[in-house]
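Coordinate analysis (summary)
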Amino acid sequence: MAREPKLKKLPGGAPATGDHDHLAVIIGAGFGGLGMGIALKQAGLDDFVIFERSDGVGGTWYSNTYPDVAVDVPGIVYQFSFAKNPDWSRTFPKGAEVRAYIESLVADYDLDRHLRLRHDVVLREWDERAQHWRIGLADGRTVTAKYVISAVGAFVEPRVPDIPGLADFGGKVIQTQAWDHDYDLAGKRVAVIGTGATSVQLVPELADRAGHLDVYQRRAIWVFAKPDFAIPAPVRTAFRYAPVLQSAIRGVVAAAVEVGLVGITVYGKQIAPLTLIPNWACRAFLFTQVRDRELRRKLTPTYGFGCKRPSVSNRYYKAYTKDSVDLVTEPIDRATATGIRTADGTERPIDVLVLATGFEMSQSPEPYRRRPVRGRDGFDLAEFYDQHRAKAYEGVCMPDLPNHFLVFGPFAWSGSSWHVMVENAMRITTRVITAAEKQGATSVSVSPAANDRFFDFISAKGSQTLMHGKACVDANSYYIDKHGDFGFLRPTTAYQSTKASKQLPLDDFDFRFGAGSARLGDADPGMVRPGRAGSS
């Protein structure tokens, strides 16, 4: 464990007065927000609330209930290491099971009393004089907190495609993040725009229900066979009574996922010949599913394996072999009142338009133009993401956002498991907050030197990834941000990121001490011991 820094107040400094509504506000009640709540409670920091804009917990698992929604990595790794679920019914659990697991976390860790549902945060603004955050809600209220933990996730708002005439379409429009379960698709002419991970799960279901289905594809996706099977009751019983067995299997599966997803993407440039193996495997699987040569050509990506997140399905490719399903690769010209017209002049009539077009990313400027985040000395997060290369120490902290922590910041997600990233953020956040509270600091932020050092370390690794090779030129991957950085993923192993979170040097942080209720015109709080550049 890194040593605690020796901190002392500057002359004239004063401890915080506690003049705020809560010690901490967590934004978002998905896995990240709930995990942070658990971490704060276990650290003895019980004065916090979790603001969630939806009617229930779960984040993306609450809003995404489209047909056949499921985890696309094995469930045994899609869970917290400290709250393993022995009762997954399948290797790839369906959405309902994931939501049940999430709700069990709320019950088991007594989080319900901290939850504030239907609380939509539209503003975060740091008050330097008061040394706390002002959190603006959509209903006009303002709440103050010493610390803010942003757990809004990677995918913030549904993306509506910029298609001319979309507002003129007179039929039914369904966004996959707000599925209308009451609408009967039987016999309807349906069109799906988008062929990402959501469509891989959704398209086979729509092909079975609709009278006719058109799928509009801009780029194909790599898809491999899904080893999805029911987990026998004796195995679940063994997991329940011998958790060490589940932990051992979880370790093996996590390593396999890391090799498949992280190893190829992060290290594929160095091991380029080996990346051809999953490429050939996916092509072979496609050949077994689709015998029509022209259809196979359309379904084969023009970029290399690993350039975008691949998916798994035993039904996706087969769906296109049905007479009632057409794969459309001509670019969309516009939507009309009765259908969709492509660039070649063909207009296809439809009754229902399904938008499977993904999300706005949380590391882009747009979400923070609508919901501003303003820190110290005029720092604006939207402007930062727009004009500067994104830097966040260990993916969790930014120098100009004091007392502010991110569950999913730039270079945070190792890619092997979302929960590894969340647990790392939990570890870092509670360690820093506990140190600040122990010393009576009014604010804490990562030092610019430490932030730059981490960025230099991580961006050097990112520049060597497969994403910057010729194979990925046509991928248009969200792994790469607008500045060309590998910001969406952390280009290291999960082991490295976890080790770094456990060996966090607190000398990398600036702890400040000042009047918690300073008036206009009072001196700014003093800064104690600027963080030195330690090892990462």
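This text follows the structure it describes.
Residues numbered from 1 in each chain as written. Predicted model: local features only at pLDDT ≥ 70, side-chain atom pairs only at ≥ 80, totals over all residues. Heavy atoms only, no water.

Here's the deal with the side chain of S150
Our working rule: Only runs of H or I of at least four residues qualify as helices and only runs of E of at least two qualify as strands under DSSP, and these elements are numbered from the N terminus. Buried means the residue's accessible area, taken with a 1.4 Å probe over protein chains only, is under 20% of the maximum for its type, while exposed means over 50%, and partly exposed covers the values in between. Under the rule applied, a polar contact is a pair of N or O atoms within 3.5 Å (in protein, one hydrogen donor and one hydrogen acceptor; residues adjacent in sequence only if both atoms are side-chain atoms). We call two residues in contact when some of their heavy atoms are within 4.5 Å.
Locating S150 in the fold gives a position in strand β6 (residues 142-150). Among the residues examined, S150 registers a relative accessible area of 4% and is labelled buried. Separated by 3.5 Å, the side chains of S150 and R124 make a polar contact. Discounting residues that sit within four places of it in the chain, S150 has contacts with I27, R124, H404, F405, L406 and V407.

Comments concerning the pairing of strand β2 (residues 48-52)
Selection criterion: A pair of strands is labelled paired if DSSP reports no fewer than 2 bridges between them. The definition of a right-handed crossover adopted here requires that, viewed with the strands pointing away, the path from the first strand over the helix to the second runs clockwise.
For β2, a buried count of 5 out of 5 residues is recorded, marking the element as mostly surrounded by other parts of the structure. Taking every second residue as pointing to the same face, both faces of β2 are buried, with F48, I50 and E52 on one and V49 and F51 on the other. Sheet topology note: the strand β1 (residues 22-27)/β2 ladder contains 4 bridges and is parallel. In the strand pairing of β2, A24 is matched with F48. On the question of chirality, the crossover connecting β1 to the parallel β2 by way of helix α1 (residues 31-42) is right-handed. Two elements, β2 and strand β3 (residues 115-117), share 3 bridges in a ladder whose sense is parallel. Bridging from a neighbouring strand, E52 pairs with L117 of β3.

Some thoughts on the packing of α1 against helix α12 (residues 418-439)
Note the cut-off: Between N-to-C directions, angles cover 0 to 180 degrees, with each direction set by a line fitted to C-alpha atoms, over the stretch in contact for helices. Oblique is the label for any angle not under 35 degrees, not over 145, and not in the 65 to 115 range, which are roughly parallel, roughly antiparallel and roughly perpendicular in turn. Handedness of a helix crossing follows the sense of rotation of the near helix relative to the far helix, less than a right angle counterclockwise being left-handed and clockwise being right-handed.
Between α1 and α12, the shortest axis-to-axis distance is 9 Å and the interhelical angle comes to 40 degrees. Between α1 and α12, the crossing angle belongs to the class labelled oblique. For the pair α1 and α12, the sense of crossing is right-handed. For the pair formed by α1 and α12, the contact residues are F31, G32, G35, M36, A39 and L40 on the first element and W418, H419, V422, A425, M426, T429, T430 and I433 on the second.

Some thoughts on the pairing of β6
Counted residue by residue, β6 has 8 buried out of 9 residues, so it is predominantly covered. Bridge count for β1 against β6 is 5 bridges, and the pairing is parallel. Within the sheet, the bridge partner assigned to A24 lies in β6 and is Y147. Note: strand β5 (residues 132-137) against β6, 4 bridges, orientation antiparallel. Bridged to W133 within β6 is A145.

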